[in-house]
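Structural overview
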Amino acid sequence: MARYDRAITVFSPDGHLFQVEYALEAVRKGNAAVGVRGADIVVLGVEKKSTAKLQDSRTVRKIVSLDDHIALACAGLKADARVLINRARIECQSHRLTVEDPVTVEYITRYIAGLQQKYTQSGGVRPFGLSTLIVGFDPYTGVPSLYQTDPSGTFSAWKANATGRNSNSMREFLEKNYKETSGQETVKLAIRALLEVVESGGKNIEVAMMTKEHGLRQLEEAEIDAIVAEIEAEKAAAEAAKKAPPKEP
Amino acid sequence: MECVFGLVGNGFAIVAADTSAVHSILVHKSNEDKIMILDSHKLIAASGESGDRVQFTEYIQKNVALYQFRNGIPLTTAAAANFTRGELATALRKNPYFVNILLAGYDKETGPSLYYIDYIATLHKVDKGAFGYGSYFSLAMMDRHYHSGMTVEEAIDLVDKCIMEIRSRLVVAPPNFVIKIVDKDGAREYAWRESVKDAEVASA
C-alpha cells in the first residue's frame, strides 16, 4: 500500500519534470485543434481522424460544451479529457449554485488548470495527457475569450492558438495571418489554419462556433465543405494573381 | 398557510402558488416567487420551510442542468420527478427537507404531466394536485369543475375559482398568487393575481 504513495512526477537533476514533458509529447501526438477569437464570436476546430466505417460518428464529439456560454476542445488522451470535462461541468453548476452567477471563462480555465497541476504534485497519479482550448463569453460583459491549458497546469489567454499535431505550423500560420475578424471571417480563419495540416474536406474536420446570442453551434459537414470550397477558390485566385502581374508592364 | 395547486390540461400543465413570505405573524414580502423554472420545459412549485424550499429546488435545478450537459439531452419530467423524490428520500431519515413540490413538465413524446411530491418523499403522477390549507378548498373546487383536456381559458377560469375560494374561506388567506404554465413552447409565467400591491413609496 505504501508503495503507491510515492510521487510519479519528481524533479530530474537538471530541473525537468519528465512526466509532464512526456504528457506534452502525448498532446503532440493527439489530433490537431485550433481556436480563434473574433470580435463577437469564438471558433473551435478539431481534426477528425477518418472514422471507421462501422463507427457511429455522432458519438465521437470532440468539441463539448461545459455550460451555456463555455465550450472546450482538446488534444491528447481523450479518456483523460472525459474526466476533466466532467469535473469542469460539475464546477460550472456548483459555482452557479453557490454564488448564483455563471462562471467566467477565466474562472473555469483556472479551475481546469489547477486540476491538471494537482496531478503533477500528488502521490500515485500521473498528469493528464491533454491540452485544452477553452472558449466562451463573459456572462455579463459579453466579451469573448480563448484560453489554453496544458498538462503542467499553466494557462493563458490567446487571440488564436493551436494544439495537438502540427500545432507549430498552425500557430505560425495564425501569427502570419491573424487579424481582428468577426462572424464568418473568424470561422474561415480557423478552418484555413486547420487546412494547413489536415486533409481538406468537411469529413476530416469538426468546427463549432459560439456567439453570445446563440451559444454553441456545431457546423454541419455541408457548411464546412462550402467554406472549404470558398477558401480553395480564394487560394487559387491568389495563385493566379501571383502569376499574372509579370505579364502586365 | 402556503397554497400551491396545479392541473393538467390539453397539451399544457398549469401551476399556481401564493406569493407571501411569512415569518410567524409578520409578512416579509407578498411577491415571493415560489414557482421555479427548472429547465426549458419544467416548473417546480414548492411550499414549506423557506430556507429548505430555495436550497432544495436550486440544488435540483443545478443537477438537472448538469445532466443535460453530461448527456446532451434534457431529463424527462418523470425522470426529474423521480430524481427529486430520491433526494428527498435520502435526506429523510438524516436531515429532512420540509418542502412540498408540484412538478409540472412537458415532454415531446408524452405531453404534459404533473407530479405530486410531498416532504416525506411520496411521489404520485396526478391530473390535479394541491398542498397546504388551501388544498381543502382548491382540491374540492377542482374535483367539481375539472375534466381532462381543458383549454387554457377553462383552466385559468378554474384556477381563478380556486383562488377566489381560498381568499374568501381561508382565515389567513394569502393575498397574491402567481400562475405559471408549461406547454410545447416551454415554461413561462402566465399571470399574477394581486389583491394587495406593495404601496409605492412617496417621493420627498
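Attention here is on the structure that accompanies the text. (Residues numbered from 1 in each chain as written. Chains lettered and ligands numbered in written order. Predicted model: local features only at pLDDT ≥ 70, side-chain atom pairs only at ≥ 80, totals over all residues. Heavy atoms only, no water.)

1. Focus: the overall build of chain B
- In terms of helices and strands, chain B carries four helices and twelve strands.
- For 204 residues, the compact-globule estimate of 2.2 N^0.38 gives 17 Å, and chain B sits close to it at 17 Å.
- Expressed as lengths along the three principal axes of its C-alpha atoms, the size of chain B is roughly 55 × 40 × 40 Å.
- Within chain B, the fraction of its 204 residues that count as buried is 47%.
- A separation of at least 24 residues holds for 58% of the contacts in chain B among residues at least 6 apart in sequence.
- In the form shown here, chain B has an accessible surface area of approximately 10200 Å², with 51% of it arising from carbon and sulfur atoms.
- Across chain B, 21 positive and 25 negative side-chain charges occur, with their mean positions spaced 3 Å apart. (Helix = DSSP H or I, 4+ residues; strand = E, 2+ residues; numbered from the N terminus. Rg over C-alpha atoms; globule rule 2.2 N^0.38 Å. Buried < 20%, exposed > 50% of the residue type's maximum accessible area, 1.4 Å probe, protein only. Contact = heavy atoms within 4.5 Å. Areas by Shrake-Rupley, 256 points an atom, 1.4 Å probe, with all protein chains shown as cover. Lys, Arg positive; Asp, Glu negative; His and termini not counted. Charge placed at Lys NZ, Arg CZ, Asp CG, Glu CD.)

2. Some words on helix α1 (residues 18-29) of chain A
All names here are of chain A.
- Here α1 is twelve residues long and its end C-alpha atoms lie 17 Å apart, about the 16 Å a rise of 1.5 Å per residue gives.
- Those residues of α1 that fall on the buried side of the exposure criterion are Val20, Ala23 and Val27. Projected onto a plane normal to the axis of α1, the buried residues spread over an arc of 55° and lie on a single side. (Expected span 1.5 Å × (residues − 1). Arc of directions from axis to C-beta.)

3. A word on the sheet that holds strand β1 (residues 33-37) of chain A
Residue and element names in this part refer to chain A.
- An order of β8-β1-β2-β9-β10 is seen for the five strands of this open sheet, with the pairing classed as antiparallel. Here the strands that pair on one side only, and so sit at the sheet edges, are β8 (160-163) and β10 (215-218). Pairwise comparison of adjacent strand axes, ignoring direction, gives a mean angle of 15° for this sheet.
- Where β1 lies against β8, four bridges are found, and the strand directions are antiparallel. Across the sheet, the residue bridging to Val34 is Ala162, located in β8.
- Packed onto the sheet, helix α4 (residues 167-177) meets β1 and β8 and runs at close to 165° relative to β8. (Pairing = 2+ DSSP bridges. Axes fitted to C-alpha atoms, helices over the stretch in contact; angles between N-to-C directions.)

4. Quick look at the pairing of strand β11 (residues 177-183) of chain B
Residue and element names in this part refer to chain B.
- Among the seven residues of β11, seven are classified as buried, and the element is accordingly described as predominantly covered.
- Burial along β11 is two-sided: the residues Phe177, Ile179, Ile181 and Asp183 and Val178, Lys180 and Val182 are all buried.
- Bridging between strand β2 (residues 12-18) and β11 involves seven bridges; their strand directions are antiparallel. If you follow Ala16 over to β11, its bridge partner there is Ile179.
- One ladder, built from seven bridges, connects β11 with strand β12 (residues 186-193); its direction is antiparallel. Paired with Phe177 across the two strands is Arg193, which belongs to β12.
- With antiparallel pairing between neighbouring strands as the criterion, β11 and β12 make up a hairpin whose turn holds two residues.

5. Description of the side chain of A:Lys62
Residue and element names in this part refer to chain A.
- For Lys62, the location among the structural elements is in the loop between β2 (41-47) and β3 (63-67).
- At 3.3 Å, the side chain of Lys62 and the side chain of Asn31 are in polar contact.
- Excluding its chain neighbours within four sequence positions, the residues that come into contact with Lys62 are Asn31, Val46, Glu47, Lys48, Lys49, Leu72, Ala73, Cys74, Lys78 and Glu206. (Polar contact = N/O pair within 3.5 Å; in protein donor to acceptor, adjacent residues only side chain to side chain.)

6. Considerations on the pattern of salt bridges
- Scanning all chains against the criterion turns up 23 salt bridges over all chains.
- When the shortest N-O distance is used, the salt bridge between B:Arg188 and B:Asp183 registers 2.9 Å.
- B:Asp183 sits in the buried class, given a relative accessible area of 12%.
- Each of A:Glu25, A:Arg28 and A:Lys29 takes part in a single network of salt bridges with overlapping partners. (Salt bridge = Lys/Arg side-chain N within 4 Å of Asp/Glu carboxyl O.)

7. Some remarks on the interface of chain B and chain A
- Contact residues are listed per partner, giving seven residues for chain B and eleven residues for chain A.
- Between chain B and chain A the total buried area reaches about 870 Å² when both faces are included, carbon and sulfur atoms providing 61% of it.
- The largest per-residue losses of area from chain B upon contact with chain A belong to B:Lys62, B:Phe69 and B:Arg70, which jointly make up 67% of the total buried on that side.
- Our enumeration of links across chain B and chain A arrives at zero salt bridges.
- Between the two partners, chain B and chain A, sit two residue pairs in polar contact (both at pLDDT 80 or more). (Buried area = accessible area lost by both parts, 1.4 Å probe.)

8. What about helix α3 (residues 105-118) of chain A?
Residues and elements named next belong to chain A.
- The terminal C-alpha atoms of α3, which comprises 14 residues, lie 20 Å apart, in line with the 20 Å expected from a rise of 1.5 Å per residue.
- Where α3 is concerned, the buried positions are Val105, Ile108, Thr109, Ile112, Ala113, Leu115 and Gln116. The buried residues of α3 all sit within an arc of 155° when viewed along its axis, so they share a single face.
- Tucked inside the fold, the buried residues of α3 contact β3, β4 (70-76), α2 (78-99), β5 (130-137), β6 (144-149) and β7 (155-157).

9. As for the environment of A:Ile134
Residue and element names in this part refer to chain A.
- Relative to the assigned elements, Ile134 resides in strand β5.
- With relative accessibility at 0%, the residue Ile134 sits in the buried group.
- Considering only alpha carbons, one finds Ile134 and Leu97, 37 residues apart in sequence, at a separation of 22 Å.
- Setting aside residues no more than four positions away along its own chain, Ile134 makes contact with Ile70, Ala71, Leu72, Val105, Ile108, Thr109, Ile112, Ser145, Leu146, Tyr147 and Thr149.

10. Thoughts on the packing of aromatic side chains
Residue and element names in this part refer to chain A.
- Enumeration over the complete set of coordinates arrives at six aromatic pairs over all chains.
- With 4.7 Å between their ring centres and 50° between their planes, Tyr119 and Phe128 make a pair best called tilted.
- For the ring pair Tyr147 and Phe155, a centre distance of 6.3 Å and an interplane angle of 50° mean the geometry is tilted.
- Taking relative accessible area as the criterion, Tyr147 reaches 13% and is therefore assigned buried. (Phe/Tyr/Trp six-rings, centres within 6.5 Å; stacked < 30°, edge-to-face > 60°.)

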